[in-house]
Amino acid sequence: MSGKVIIDMQHINKNFYIGTPNELHIIKDMSLTVTEGAFVSIVGASGSGKSTLMNMVGVLDRPTSGDYILDGIPIAKMSDNDMSDVRNRKIGFVFQTYNLIPRSSALKNVELPMLYAGMDRKTRTKRAKELLDMVGMKDRMHHQPNELSGGQKQRVAIARALANDPAMILADEPTGALDSATGRMVMDLLHKVHKEGGKTIVLITHNRDLAAETERIVTIKDGMIVSDVSNKPQSEEKVEASCS
Amino acid sequence: MFLKENILLAIAGLKSNKIRALLTMLGIIIGIGSVIAIVTIGNALTSSVSDTFSSMGANNILVNVTEREADPYRGSSGKMDDEDLISMEQLERFQARYADEIGAIAISIGSGSGKVKDGRRYANINIEGVNEGSKDINNIKMQKGRFLNAKDVSASRKAAVVSDKLVHNIFKDKTDPLGKEINIYKDDGVDSYTIVGVYKYEQNAFQGGGQTTSDQDLSTTMYIPVTVAQQTAENQNFQYFMVKSKPSVDTAVFAGTVQKYFDGLYANNEKYTCQIQNMESYLAEATSTLNTISVAVAAIAAIALLVGGIGVMNIMLVSVTERTREIGTRKALGARSIYIKMQFIVESIIICVIGGIIGVLFGIGLAAVGVNLLHATLKISIPIIIISVGFSMCIGVFFGYYPASKAAKLDPIEALRYE
């Protein structure tokens, strides 16, 4: 993989004010760098600051202090609208609860980020169909979310995350709401996106087994990185074994 | 921004919750519907009233002898003497003085009511003594024969012009009524007249509606020469008459001249004076009354629209809360605040415009029923429909703006976490 840096966080702090004397220091002087094509997992117990970190990595929130450069774009002092544009073009979200837009077909859901990017109808429909084909949902592209199973919804969500060819996929507990077999299928799909598409993937999870599948495991505790280890991903044989 | 997508999305949303959408629209439907109904009925009434007035002659002037001041304690003294009324000689002098302005003069003396009998057949009549000018001024439409002429009047001929209804009742359309003699039975005796003409009976708007009498018992007017009526009348002179100005004359200005002329004539009469009225002033008065009613009802409709708009705002606020997660997701996927705002404003506009269109249809239906009951003609005003739909659009923008801003301001992190 090339050495291009996708996430470059330097000395990030995040404080929350709940009345003047009570200042919560959630993220403490954290620095994190992720290079292009990496598959990183961020692990931590609840209350560790994992969600706050994820919000900042996902450009949903600004750090109180410190610098964050995403794919060459400085984020820390951006306006809300510019943050929206960065999320739209640079980040593909995969949520635990899928968050598909109700009453919109799978196709419309995948088209949505491209719509916000200002892509014309023909191009976005074509691309949305290709992406749905890639995740194996082509035959259900006109179904609405309430007509799809959990695994199917998550596959549509992954297709949607890839819509604008983002710099990274940010997956927040993507298997958290699924049974183990379906969860396995979703993880395999993420591996496929990583391997075949060469996408940078950041996986947020509290599940150590899932984290063990990734190339690098970053562990968070009390707003600080307590360990950051390279991990030899488990053999393909094991992944395939658990899949079947 | 993404107008087509937003419209389709809004319609899909409304379809998924039809009852709620309908209830939300109800205020708008009632508001717009009542505006359309009232305006349409008002227009129909105005045009029917002005039709009636112009059929009565918009350039007619009524000269009427009235008491100067009705004494509130003694009340009206009632009986008028011939010296207080307008004599034939005065009329002739008046006509000669303004020969260039006057087209015709109509005088009339009521001669009571009676019955025309022929064996078992009968017809009710009101007898009115008139002159030759009455045909034009009262807009009497002849069907057969002729109207009374100057010779009938000067010679006091026992000639009569009767209605087609009377002819139908008495002659059953079998015999030609012209030249036939008919017997008039009144309380004070029997008299006979020769029919010289038949006019077409017309119900006017003021007698319409409540008229329930059958054709058989319908009382129509029989015109006889005024000189014949004078023979049995208490007063030989006239309490009122009508003047029709020539087409080239400005009726309102001429009415002022006539007023001055009769003011001079009655200057020395302590008890009585002459009042001049022209139909144009009646028409203006009737139209302004109708307009006042329309404005009052429009105000009530505006309140209905306000309430309807608040209903829309309320449901939009509920919708924003319900769809917090959706809003969060959209923002995470890169929707700018303005896109979210537009989405909700478009939805609010769609609700109001659909409500407005249903309201227009409902209002036209209501107006059709109302206009039918009032025996007027339904006229649909396209500008009013366009204004109504445009106005409901404005309500959509106005009452959708706050909920839409609320949605746009949501913090994506909070919104995504919302349960």
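Everything numeric in this text was worked out from a predicted model, so none of it was measured.

A. Representation of the overall build of chain A within the structure. Broken down by element type, chain A carries 8 helices and 10 strands. Its C-alpha atoms give chain A a radius of gyration of 18 Å, within 12% of the compact-globule value 18 Å for 244 residues. With respect to the three principal axes, the spread of C-alpha positions in chain A is 55 × 45 × 35 Å. Taking contacts inside chain A between residues at least 6 apart in sequence as the whole, the part at least 24 apart equals 68%.

B. Seen up close, the UniProt feature "transmembrane region" (unreviewed entry) in chain B. All names here are of chain B. Those residues carrying the UniProt feature "transmembrane region" (unreviewed entry) are residues 21–45, 295–321, 342–368 and 380–402 in this numbering. End-to-end, the C-alpha atoms of residues 342–368 are 38 Å apart, and along that stretch the chain is 100% helix and 0% strand. This span, residues 380–402, is 91% helix and 0% strand, and a straight line between its end C-alpha atoms measures 35 Å.

C. Inspection of helix α8 (residues 251–265) of chain B at higher detail. Residue and element names in this part refer to chain B. The terminal C-alpha atoms of α8 lie 21 Å apart, and with 15 residues this matches the ideal 21 Å at 1.5 Å per residue to within 8%. Within α8, the full set of buried residues consists of Thr251, Phe254, Ala255, Val258 and Phe262. What you see down the axis of α8 is that its buried residues fit within an arc of 105 degrees, all on one side. Turned more than 90 degrees off the buried face of α8, the exposed positions are Val253, Lys260, Asp263 and Gly264. Against the buried residues of α8 lie β1 (60–67), β9 (240–245), β10 (272–278) and α9 (279–322).

D. Seen up close, the sheet that holds strand β1 (residues 5–17) of chain A. All names here are of chain A. Pairing in this open sheet of 4 strands is antiparallel, and the strands run β2-β1-β4-β5 from one edge to the other. Whereas interior strands pair on both sides, the edge strands pair on one side only; in this sheet they are β2 (23–35) and β5 (73–74). Sitting on the sheet, helix α1 (residues 50–57) is in contact with β1, β2 and β4 (65–70), with an inclination near 125 degrees to β1.

E. The sheet that holds strand β6 (residues 91–94) of chain A, seen in detail. Residue and element names in this part refer to chain A. Read from one edge of the open sheet, 6 strands run β6-β7-β8-β3-β9-β10, paired in mixed fashion. Since the sheet does not close on itself, it has two edges, and those belong to β6 and β10 (224–230), each with one partner. Strand-to-strand, the axes of this sheet are offset by a mean angle of 20 degrees, without reference to chain direction. With 5 bridges connecting them, strand β3 (residues 39–43) and strand β8 (residues 200–205) associate as parallel partners. The residue bridging phenylalanine 39 from the neighbouring strand is isoleucine 201, located in β8.

Rules used in this analysis
- Residues numbered from 1 in each chain as written.
- Chains lettered and ligands numbered in written order.
- Predicted model: local features only at pLDDT ≥ 70, side-chain atom pairs only at ≥ 80, totals over all residues.
- Helix = DSSP H or I, 4+ residues; strand = E, 2+ residues; numbered from the N terminus.
- Rg over C-alpha atoms; globule rule 2.2 N^0.38 Å.
- Contact = placed C-beta atoms within 7 Å.
- UniProt positions renumbered as here; feature names shortened; annotations may be inferred.
- Expected span 1.5 Å × (residues − 1).
- Buried ≥ 20, exposed ≤ 12 C-beta atoms within 10 Å, placed from the backbone.
- Arc of directions from axis to C-beta.
- Pairing = 2+ DSSP bridges.
- Axes fitted to C-alpha atoms, helices over the stretch in contact; angles between N-to-C directions.

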